[in-house]
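# Coordinates in review
One letter stands for each residue in the lines below.
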Amino acid sequence: MYVDHLLNDESLGLRLLWAEEPQLRQEISGVTATDLEDPARFVRPGEVVLSGLVWWSREDGADRAERFVSALSTAGAAVLLAGEETHGAVPDDLVTACRRHGLPVAAVPAHIMFRAITDTVYLRQWGELSRLQALPGAVRGRLNRLLAREEGPAAVVEAAFAHLGRVRAYVLTASGRTVAATKGADPVPAHEAAALVEGAAGATVPVDCETVSPYERWYLHLPEPDDAPPRMLREVAEVLARCQESLARRGAAEQQAADELGALLALPAGSELPSLQAALRLRGLEGEGLHRVIVAEAAAVGAGSADRTGVAVPAEGALAEAVAHLDPEHAVVGRLPDGTAFAVLREGAPDPAPGTARGRGARSGKDGQDSTRDTAGPGRRTATAVRPATGVAPDLPAVWALLSAAEPAVALHGGTGRADSAEELNGALAQARYALASARTTSPDASAVIDAASLTGLGTLLTGIPAEVRTAFSRTVLGPLFEAGNPSFAALLETLEIFLACDGSWSRTAEALHLHVNTVHYRVQRVEHFTGRDLSSLYDRLDLRAALLCRPGRPARP
């Protein structure tokens, strides 16, 4: 029962004097009646506090109200219901104090007995009005049988709410992936589902499974909180936690096969092709068609590159969640020999024959149909999902944004490469690694994913080169000009940059710098002297342009 349920009970005639909307959604844990001036030690968190205001007087009403409300706020009371019988109305001093401490307050008409309010709360929670407050024994037994058969979350959530009728219930992740839903529940786009998990609308209960990363953690969500009571939702969440732990154990059993595939991908192209093909065949990834390789690393926002080594598992969990969002027919997620999380996806593969597995551990019923609409997650991690409705599944950059929003304290970097066949997968991994380095360079303290195919300009291409190499190249090519602390050298670097940006036009460079053309000629000659390069040569211009882009502290750009 929530505060607004009590306030909206017309039989009680309660009149709201002050509250903010989120506070009305607070769950009520019980009721306490008191006229003590300092009742803190008798009030428990979430309780409704009833007071006849016998303790209040006009002479020092403000001080008394402050002490009373401060005590309730410290104790965590959900709402104060103040009787009007003693003073004829609720004093303004009390309302002001409640507003100051953020405690909802409502007036109880003189003709309403406190006993009526107490009975309403406890009957709603534990009496006849709460016929659905806990899972019935038969339902609990069925859920235990489903878990024993290792059924997925869709079967669990359907069985948990079937006795309530047409209840819409979802199992969501923080990034908005729909893991499971009851029959008839409308598909929810990922960005809207993510907002439901974080927002105050509906009822949301976290599923506490310690064996998965924060990215993969489930949340039980009901759009209509009155469809099921909090106690029942907590019980269902506990069952779902056992379900997710079972799925995680089954996914961990595939760890070795996923890591072996990662080791083969990390080898030089063609060196172990038969073994690579066999590993791909085992995972349903063999054959012609587009394959995508994704690599990922995670670090706390603001952490240096040295801190990335200890966060491979969170990155792997994030990548498993990303793959589950994309929902390809065949995929594997694991770790490369150096600990980097990787995924291989086969896109555009033909649908398998009825009754056959879909490559990510899909469970089929006796009639050959997908009995629970669950698919086990890729590789070493299990990321169970329902098939998304058309137009609901987002693309990888959109998924990355959702993952970033779910864990804003983590900088999640990713890179992708593509291959048209298994023979090209080693090269696709090399592409993905390079794109990952580019993502780290361009967004060191923010999540980003880059496709190697998007590195189409000199500036973007250079971002994949290690920072130490870029710095060394810039220092070598620019020579003395690299140390721009000298004002004259700084002027020469500015002239060089504008000259190259103006395609070697003397007049346009002079105009941009507000200089005479002869001055531009002189400065360019000095640049050629210090660098040993000829700015009439296209190749030397390209070298100097690259050297400018590689200077430390200056992000490269196309």
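Chains are numbered independently. Their residues run from 1 in the order of the written sequence. Local features in this predicted model are restricted to residues whose pLDDT is 70 or higher, and side-chain atom pairs enter the listing and the counts only when it is 80 or higher, whereas totals over whole chains, interfaces and linings include all residues. As a rule here, side-chain values come from all non-hydrogen atoms in the structure, and water together with hydrogens is ignored.

All right, on to the overall build of the chain then. Starting at the N terminus, helices and strands are each numbered in turn, a helix being any DSSP run of H or I of at least four residues and a strand any DSSP run of E of at least two. A count of helical and extended segments in the chain gives 19 helices and 14 strands. Between buried and exposed lies partly exposed: a residue is buried under 20% and exposed over 50% of the maximum accessible area for its type, with that area taken using a 1.4 Å probe on protein chains only. A buried classification covers 49% of the 558 residues belonging to the chain. A separation of at least 24 residues holds for 67% of the contacts in the chain among residues at least 6 apart in sequence. Under the convention used here, a 1.4 Å probe and the Shrake-Rupley method define accessible areas, while residue burial counts only the protein chains that appear. Here the chain displays about 25,500 Å² of accessible surface, and carbon together with sulfur accounts for 52% of that area. Contact between two residues is taken to exist if any of their heavy atoms lie within 4.5 Å; hydrogens are not considered.

Looking now at helix α3 (residues 92-101). If you check which residues of α3 are buried, you get Leu-94, Val-95, Ala-97 and Cys-98. Projected onto a plane normal to the axis of α3, the buried residues spread over an arc of 160 degrees and lie on a single side. Summarising the geometry of α3, the exposed residues directed more than 90 degrees from the buried face are Asp-92 and Arg-100. As for α3, its buried residues are in contact with β1 (15-18), α2 (61-75), β4 (79-83) and β5 (105-108). Where α3 terminates, the next one or two residues include Gly-102, which has phi positive at roughly 70 degrees. The arc in question is formed by the directions pointing from the helix axis toward the C-beta atoms.

Next up on the list: the pairing of strand β9 (residues 218-222). Within β9, five of the five residues are buried, which leaves the element mostly enclosed by the surrounding structure. Whether two strands pair depends on DSSP finding at least two bridges between them. Alignment of strand β6 (residues 170-173) against β9, held across four bridges, turns out to be antiparallel. Across the sheet, Leu-172 pairs through a bridge with Tyr-219, a residue of β9. In this structure, strand β8 (residues 203-206) lies alongside β9, joined through four bridges in antiparallel fashion. If you follow Ala-203 over to β9, its bridge partner there is Leu-222.

Extensive coverage of strand β12 (residues 341-346) is indicated by the burial of six of its six residues. Burial along β12 is two-sided: the residues Ala-341, Ala-343 and Leu-345 and Phe-342, Val-344 and Arg-346 are all buried. In this structure, strand β10 (residues 291-300) lies alongside β12, joined through six bridges in antiparallel fashion. Looking across to β12, one finds that Val-295 is bridged to Phe-342.

Here we take up the pattern of salt bridges. Side chains that differ in charge, positive against negative, can pair when their charged atoms come close. We define a salt bridge as a side-chain nitrogen of Lys or Arg found within 4 Å of a carboxyl oxygen belonging to Asp or Glu. Enumeration over the complete set of coordinates arrives at 17 salt bridges. For Arg-533, the salt bridge is made with Asp-540, and the minimal N-O distance between the two is 3.7 Å. The class of Arg-533 is partly exposed, set by a relative accessible area of 21%. Sharing partners across several salt bridges, the network here consists of Glu-37, Asp-60, Arg-64 and Arg-67.

Attention now moves to the packing of helix α16 (residues 487-501) against helix α18 (residues 517-531). Here an axis means a line fitted to C-alpha atoms, over the contact stretch when the element is a helix, while the angle between two N-to-C directions is reported on a 0 to 180 degree scale. Look at α16 against α18: their axes get within 9 Å of each other, and the N-to-C directions meet at 105 degrees. The angle between α16 and α18 falls in the class roughly perpendicular. Between α16 and α18, the contacting residues are Phe-489, Ala-491, Leu-492, Thr-495, Leu-496 and Phe-499 on the first element and Arg-523, Val-524, Arg-526, Val-527 and Phe-530 on the second. For the contact of α16 with α18, the residue count by class is eight nonpolar, one polar and two charged. Should an angle lie under 35 degrees it is considered roughly parallel, over 145 roughly antiparallel, and from 65 to 115 roughly perpendicular; all remaining angles are considered oblique. Polar here means any residue outside two lists: the nonpolar Ala, Val, Leu, Ile, Met, Phe, Trp, Tyr, Cys and Pro, and the charged Asp, Glu, Lys and Arg; Gly therefore counts as polar.

A water-sized probe, rolled over the atoms, reveals where empty space remains. Using protein atoms alone on a 1 Å grid, points that fit a 1.4 Å probe yet trap it form a cavity, whereas open point sets bounded by protein on both sides within 12 Å along at least five of seven lines form a pocket; residues with an atom within 4 Å of a point count as lining. Grid points are joined across faces, edges and corners, and a volume is the space filled by probe spheres set on the points. Throughout the structure, instances matching the rule amount to two cavities of 30 Å³ or more. Looking at the second largest cavity, its volume works out to about 30 Å³. Along its surface, the second largest cavity is lined by Leu-264, Leu-267, Pro-268, Gly-270, Ser-271, Glu-272, Leu-273, Leu-276 and Asn-426. Across the lining of the second largest cavity, the residue classes break down as five nonpolar, three polar and one charged.

Before going further, it helps to examine the packing of aromatic side chains. Planes of paired rings set the category: under 30 degrees apart is stacked, over 60 is edge-to-face and the rest tilted, where pairs are Phe, Tyr or Trp rings (Trp by its six-membered ring) whose centres lie within 6.5 Å. Tallied over the entire structure, the rule returns three aromatic pairs. When the ring of Trp-55 is compared with that of Phe-68, the centres are 4.3 Å apart and the planes differ by 20 degrees; the resulting orientation is stacked. Taken together, the residues span a long stretch of sequence, with Trp-55 in the loop between β3 (47-51) and α2 and Phe-68 in helix α2 at a distance of 13 residues. You can call Trp-55 buried: its relative accessible area is 7%.

With that settled, consider the environment of Tyr-215. On the secondary structure map, Tyr-215 appears in the loop between β8 and β9. According to the relative accessible area criterion, Tyr-215 is buried, its value standing at 3%. Expressed as a C-alpha distance, the spacing of Tyr-215 and Leu-402, which sit 187 residues apart in the sequence, is 9.9 Å. The residues contacting Tyr-215, other than those within four sequence positions of it, are Thr-173, Pro-314, Gly-317, Ala-318, Glu-321, Leu-403, Glu-407, Val-410 and Leu-412.

Read across the open sheet, the four strands follow the order β7-β6-β9-β8; overall the sheet is antiparallel. At either end of the open sheet lies a strand with only one pairing partner, and these are β7 (178-181) and β8. Averaged over all adjacent pairs, the angle separating strand axes in this sheet is 25 degrees, with direction ignored. As paired elements, β6 and β7 share three bridges and run antiparallel to each other.

Residue position: Thr-340 is located in the loop between β11 (330-335) and β12. Dropping the residues within four chain positions of it, Thr-340 is found in contact with Val-295, Ala-296, Glu-297, Gly-334, Arg-335, Arg-433 and Leu-436.

The next point concerns the sheet that holds β5. Read across the sheet, five strands follow the order β1-β5-β4-β3-β2 without closing on themselves; strand pairing throughout is mixed. This sheet does not close on itself; its edge strands, each paired only once, are β1 and β2 (30-33). In this sheet, adjacent strand axes meet at a mean angle of 25 degrees when their direction is disregarded. Examined bridge by bridge, β4 and β5 share four bridges and lie parallel to one another. By the bridge assignment, Leu-81 is partnered in β5 with Ala-106. Set on the sheet, α3 makes contact with β1, β4 and β5; between it and β1 the angle comes to about 65 degrees.

Turning our eyes to something else, we now look at unusual backbone geometry. Its identity as a non-glycine residue notwithstanding, Glu-150 has a phi of 60 degrees, on the positive side. Tracing the sequence through the fold places Glu-150 in the loop between α5 (137-148) and α6 (153-161). With a relative accessible area of 35%, Glu-150 lands in the partly exposed category. Backbone geometry at His-514 places phi at a positive 60 degrees, although glycine is not the residue there. The topology assignment puts His-514 in the loop between α17 (506-513) and α18.

Geometry only, nothing functional implied.
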